[in-house]
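Analysis of the macromolecular model
Below are the chains, spelled out letter by letter.
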Amino acid sequence: MKKFLMAVMAMFLLVSCADKYDKMVALYEDATAKMEVAETRGEMTDIDDQLEKDMEALFEEYKDEIAAELEAVANGDEALEKEIEEAGERVSEAEEAYRKAKRVRREQLRD
């Protein structure tokens, strides 16, 4: 039940927040919650595929904004660079949690 609630909260976060980095974190958190309860390797593959599609869609949605941010950083916007680095750390942590859940679940399904 706790994992289901976490998945629902992640989806709520995804829908309600406007920041692209928060959306990325929410996608990883949702996929992590699903991965933790996957019952087959096929289901794991489906979760991976859906996460990839969702991330691609998110990058497509924000590609102009991301390009503008990268240009601003290249032109010396240190405050924005720091903000992006901090957001990147949050995304990386969520991605690592997803990868860990995937490794653990893969091992559990081997038995």
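The structure presented is a predicted model; accordingly, all values stated were derived computationally and were not measured. (Residues numbered from 1 in each chain as written. Predicted model: local features only at pLDDT ≥ 70, side-chain atom pairs only at ≥ 80, totals over all residues. Heavy atoms only, no water.)

Moving on, we get to the packing of aromatic side chains. With the rule as written, the count across this model stands at 1 aromatic pair. Here Y28 and Y98 contribute two aromatic rings whose centre-to-centre distance is 6.1 Å and whose plane-to-plane angle is 50°, an arrangement assigned as tilted. Taken together, the residues span a long stretch of sequence, with Y28 in helix 2 (residues 20–36) and Y98 in helix 4 (residues 78–110) at a distance of 70 residues. For the pair Y28 and Y98, one class covers both residues: buried. (Phe/Tyr/Trp six-rings, centres within 6.5 Å; stacked < 30°, edge-to-face > 60°. Helix = DSSP H or I, 4+ residues; strand = E, 2+ residues; numbered from the N terminus. Buried < 20%, exposed > 50% of the residue type's maximum accessible area, 1.4 Å probe, protein only.)

Here we come to the side chain of E69. You can see E69 is positioned in helix 3 (residues 41–74). The exposure class assigned to E69 is buried, which follows from its relative accessible area of 13%. One polar contact links E69 to K20, side chain to side chain, over a distance of 2.8 Å. If we ignore the near neighbours within four places in the chain, the residues touching E69 are K20, Y21, L80 and I84. (Polar contact = N/O pair within 3.5 Å; in protein donor to acceptor, adjacent residues only side chain to side chain. Contact = heavy atoms within 4.5 Å.)

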